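Overview (structure and organization)
Here is what each chain is made of, one letter per residue.
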Amino acid sequence: MMVVSKSNALHFAGVGLKDTTSATTEDYTYPGVFVKFTEFSGNKEIETETDEGHTGRRTLNLGENRSKASASPEMTDNFRLNQGLEDFCYYALGKMVETTQTGTGSTATTFKQVITPTTTGDLPIAHILHGFNDDTQGCRIYKNAVANEITFTMNSEEKPTVKCAFVSDYPTYGDDSSIISPTFGAYLPKALKAGSLSVYFKPFIDDVVATIDESTDRIECLTESEVSVNNNIEASTCAGTEFGEANKDVKNLEVSGNMTLRYVTQDIERLFATGSYTGEKVSEESIYGALRFKYVTSYTITEEVDDETVTKTVPLLFQIDLPNACISNAESSESGDDVKTITMELSATEELGNIGGDLIKITCQSAMQFMTGDNVTTHKCVDVPDTSS
């Protein structure tokens, strides 16, 4: 009998926000956004304990008892505005404020989301749907998922990627009726490109806190960088917890990163060691500074205004700010036949003299917004608003 195998390309995934206020969607919210992911891993785990006992025979193994079932689903994708990127950021940090950026004659109206950590650690609860578009398999639904870690990889010659890892219950298995054809809205921008990245660094010399000046603080030749947010969540169970469900223990928030740059003019290693670009002796004081990773690009759309076709520019922005980063290490290459580089390691801290400042701030801007309805933010993208009337 001939067997025809199916392609992995048929996989799909979506993310929906759990609504604890609406009786109609309390258990599961249909995904508000389908993610055009590059990698997905459910990381399902069933823990067992061996039942051992003496029976007068050579083995002590009387069987395996299942003790705990949980999952840590994770998705990796390119930077795609309105196609999962903002959602991942919101799930990992927990607080979002959206404003409307009114357009002009040549610029479309856009929406800006500023995403920062919650002060309490109360994070949004997601449901993740992962499936295979085949009539013999249903979807896997990872319920009660909380974002544990999100990592942004931003390099000068490669497209930026985001990896978001959750802690969830063990997935439930859907039936054939759960097979769907994921739909994607109109005017979805393409993934952000490597060439649109700019990085800025403002060191706080002599502990003088200053804001970034993009005209003077741009890093001249960054080649590799990574920023990671870790909520340090662990799955646990309590007496009476249904098997397959797990508590999510949210611990301390950590934000860290690293960068590699060409040695051009500024001696970052000297700055790290001495506290200034002209210092001579090692300083006992740590060095802090503000960091910004910024992608700026745009695309065009056409609209009908007064029976005329008008072309408008849609500005796109994705920006990560670390207002107070501690440079924990900086080393330059000291030999070899390649170009001289400097590698920096950093961790985000509270603002100097201002405990309670945001460790990280992420800003997104595009022509779509997150909708609010049914008493919950559903993260559903809408088309560019009609301004012709």
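Residues numbered from 1 in each chain as written. Predicted model: local features only at pLDDT ≥ 70, side-chain atom pairs only at ≥ 80, totals over all residues. Heavy atoms only, no water.

Turning next to the side chain of R292. Inspection of the secondary structure assignment puts R292 in strand β18 (residues 287-305). Judged by relative accessible area, R292 falls into the buried class, the value being 18%. At 2.9 Å, the side chain of R292 forms a polar contact with the side chain of E214. Within polar-contact distance, the side chain of R292 engages the side chain of D321 at 2.6 Å. Not counting chain neighbours up to four residues away, the residues in contact with R292 comprise S198, V199, Y200, I212, E214, Q319, I320 and D321. (Helix = DSSP H or I, 4+ residues; strand = E, 2+ residues; numbered from the N terminus. Buried < 20%, exposed > 50% of the residue type's maximum accessible area, 1.4 Å probe, protein only. Polar contact = N/O pair within 3.5 Å; in protein donor to acceptor, adjacent residues only side chain to side chain. Contact = heavy atoms within 4.5 Å.)

Right, let's talk about the pattern of salt bridges for a bit. Charged atoms that come close allow side chains of opposite charge to pair. With the rule as written, the count across this model stands at nine salt bridges. The salt bridge partner of K163 is E74, with a shortest N-O separation of 3.4 Å. With K163 in strand β11 (residues 161-169) and E74 in strand β6 (residues 74-78), the pair connects residues that are 89 residues apart, well separated along the chain. Residue classification places K163 among the partly exposed residues on the basis of a relative accessible area of 36%. With a shortest N-O distance of 3.0 Å, R80 and D77 are connected by a salt bridge. Here the two residues R80 and D77 agree in accessibility, since each one is buried. Each of E214, R292, K294 and D321 takes part in a single network of salt bridges with overlapping partners. (Salt bridge = Lys/Arg side-chain N within 4 Å of Asp/Glu carboxyl O.)

Even without being a glycine, N43 presents a positive backbone phi close to 45°. Even without a glycine there, the phi angle at N232 is positive, about 50°. Topologically, N232 is positioned in the loop between β14 (222-230) and β15 (234-236). Judged by relative accessible area, which is 22%, N232 ranks as partly exposed.

Turning to the nonpolar core, a few remarks are in order. In summary, soluble globular proteins display a tendency toward joint burial of nonpolar side chains. Within the largest apolar cluster, 67 residues are counted, with the highest numbers of intra-cluster contacts made by F152, M259, F318, I320 and I362. Per-element accounting of this core gives the leading share, eight residues, to strand β19 (residues 308-332). Excluding its chain neighbours within four sequence positions, the residues that come into contact with F318 are F79, L85, C89, F152, L192, F293, K294, Y295, I362, T363 and C364. (Core = buried A, V, L, I, M, F, W, Y, C linked by side-chain atoms within 4.5 Å.)

In total, this model carries eight aromatic pairs according to the counting rule given. Relative to Y142, the ring of F40 has its centre 6.0 Å away and its plane inclined at 55°; by these criteria the two rings are tilted. With F40 in strand β3 (residues 39-41) and Y142 in strand β10 (residues 140-155), this residue pair connects regions lying 102 residues apart in the sequence. You'll find F40 and Y142 in the same group, each marked buried. With a centroid separation of 6.1 Å and 70° between ring planes, the pair formed by Y91 and F166 is classed as edge-to-face. In this pair, Y91 is assigned in helix α1 (residues 85-93) and F166 in strand β11, connecting sequence segments 75 residues apart. For Y91, a relative accessible area of 0% corresponds to the buried category. Its relative accessible area of 1% is what places F166 among the buried residues. (Phe/Tyr/Trp six-rings, centres within 6.5 Å; stacked < 30°, edge-to-face > 60°.)

Judged by how many residues are buried, α1 sits mostly within the fold: nine of nine residues are covered. Along α1, the residues that are buried comprise L85, E86, D87, F88, C89, Y90, Y91, A92 and L93. Following α1 by one or two positions, G94 adopts a phi angle in the positive range, close to 100°.

Considering the arrangement of structural elements, one finds K248 in strand β16 (residues 247-249). Reaching out from K248, the side chain makes a polar contact with the side chain of D169 at a distance of 2.6 Å.

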